[in-house]
Amino acid sequence: MAVSNIELIVNAVKAINPLRQVDKEGKKLQRTMSGTQRAMRKLSVAAGRMGKKMRAGFEQAAKGAKALADKLGGLGGAILSIGAGALTKQIIGQAAEFKQTEVRLKALSEEYGEFGRIQELVSKNAKTFNQSQAESASNFSDVYARLRPLGISLDQIQTVYEGFNATALASGTSAAAASGAFLQLSQALGSGRLQGDEFRSIAEQVPGILRLVSKEMNVTVGELKQLGSEGKITSDILINALAKGFDENKDKIDALLAESPAQQFQAFSNAVSGLSNAIGTELLPVVVPVVKQLTELVKAFGDL
C-alpha cells in the first residue's frame, strides 16, 4: 500500500509540472495580447488624428481647387488664346521663375536703392531688343549681380547691356552665341581688362565689339590681340566703346526688328510669354497654398 501511495504522489508531481508550464505560457501569452491591445489602441488614436488631418487637408485643397477654378473661369478667354496645353505647369512655373528673378533683383539692389530704376530699365531693354520681360530681367540680373558689387554704376551697366546687345543684334549673332559672349564680356569687366579666353570668345562670336574697341583706342583691329595680352584693354575702354556701339547700331536694329520675319515671330512669342506671366501671377496666390497643404499631407503620411 505504501508503495502505491508513493507512486501516486510521484505521478501527481509529474502531472503538476506540465500544468505549471502551461500556466506560465498562458500568462506570457496574456501579457503579449495586452501589449498588442495597447499598440492597437495607440494606432487607432494615431489613425484618428491622421484622419482629421487628411479631412482638413482635403477640405483646404478643395477650397484651393475651387478658387483656382474660379480664377481660371474668369481668365478663360485669355487662356484659350495661348493654348490649353500651357494652362497649368508651364504657366505657373514660368510665373514663379519670373517672380524669383524679381526677388533676386530686389535683393541685389536693396543696398543701392535702385530696384525701381532697374524695373524701368528691364522694360525698356525688352522693348528695344525685342525680348520678353522674363528674358530681359534674367539677362540684366546676371550682369548686375556681377558688376554692381565691383563699383560699376547702374548707368554704366545699362551702357554695357545696350551697347553689347545692339552690336550683337546688328551683327546677326545668334542668341546662344551672344549669351556666351556676354558672359565673357562680364567676366572681362569684372577682372578689369579684356584678354585671354574672354578676348578670343568675343572675337569669334561678336567681332563687332572689337571694331568698337579699336576705334576707341585709335588702333587697328589686328593690333588688339597684342594690346589685350598686355592688359591694355581696360574696363573703362570697353564701357566707352560699348556706349558708342548702341548709338551706331540703333537705326540698324530698329530696321531689323521692323522688317525681319523671325523678329515678328519673336515678338509674338514675347507677347505670349507676357500673357502667361500675367495669368500665372494671378494663379500663384491660389496655387501656392494648395501646394503647401499637399506637402504637409505627404509629410504626415511619412510620419505615420
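Everything below is about the structure printed above this text.
Here's what I pulled together on the structure shown here.

Considering the packing of aromatic side chains
Each aromatic ring pair is characterised by the separation of its centres together with the angle its planes make.
Then comes step 1: On inspection of all chains with the given rule, the structure shows six aromatic pairs.
Then comes step 2: Judged by centre distance (6.3 Å) and plane angle (70°), the ring pair of F129 and Y161 falls under edge-to-face. Residue F129 is found in the loop between helix 4 (115-128) and helix 5 (133-147), and its partner Y161 is found in helix 6 (residues 154-170); the two are separated by 32 residues along the sequence. There is no split in this pair, since F129 and Y161 are both buried.

Structural notes on the pattern of salt bridges
Then comes step 1: All told, the structure shown has nine salt bridges when counted by the stated rule.
Then comes step 2: We note a salt bridge from R148 to E114, for which the minimum N-O separation is 3.0 Å. Here the residue R148 occupies a position in the loop between helix 5 and helix 6, and E114 occupies one in the loop between helix 3 (89-109) and helix 4, the gap between them amounting to 34 residues. For the residue pair R148 and E114, the accessibility class agrees, reading buried in each case.
Then comes step 3: Where salt bridges share partners, they join R211, K215 and E248 into one cluster.

Describing the side chain of S109
Then comes step 1: Note that S109 resides in helix 3.
Then comes step 2: Polar contacts involving the side chain of S109 include one to the main-chain carbonyl oxygen of L105, which spans 2.8 Å.
Then comes step 3: Setting aside anything within four residues of it in sequence, one finds S109 in contact with E114, F115, I118 and Y144.

Quick notes on the environment of L169
Then comes step 1: By the secondary structure assignment, L169 is in helix 6.
Then comes step 2: Distance in space between the C-alpha atoms of L169 and K250 is 9.9 Å, their sequence separation being 81 residues.
Then comes step 3: With residues near it in sequence (within four places) discarded, L169 still touches F129, I253, L256, L257 and Q263.

Definitions and cut-offs
Residues numbered from 1 in each chain as written. Predicted model: local features only at pLDDT ≥ 70, side-chain atom pairs only at ≥ 80, totals over all residues. Heavy atoms only, no water. Phe/Tyr/Trp six-rings, centres within 6.5 Å; stacked < 30°, edge-to-face > 60°. Helix = DSSP H or I, 4+ residues; strand = E, 2+ residues; numbered from the N terminus. Buried < 20%, exposed > 50% of the residue type's maximum accessible area, 1.4 Å probe, protein only. Salt bridge = Lys/Arg side-chain N within 4 Å of Asp/Glu carboxyl O. Polar contact = N/O pair within 3.5 Å; in protein donor to acceptor, adjacent residues only side chain to side chain. Contact = heavy atoms within 4.5 Å.

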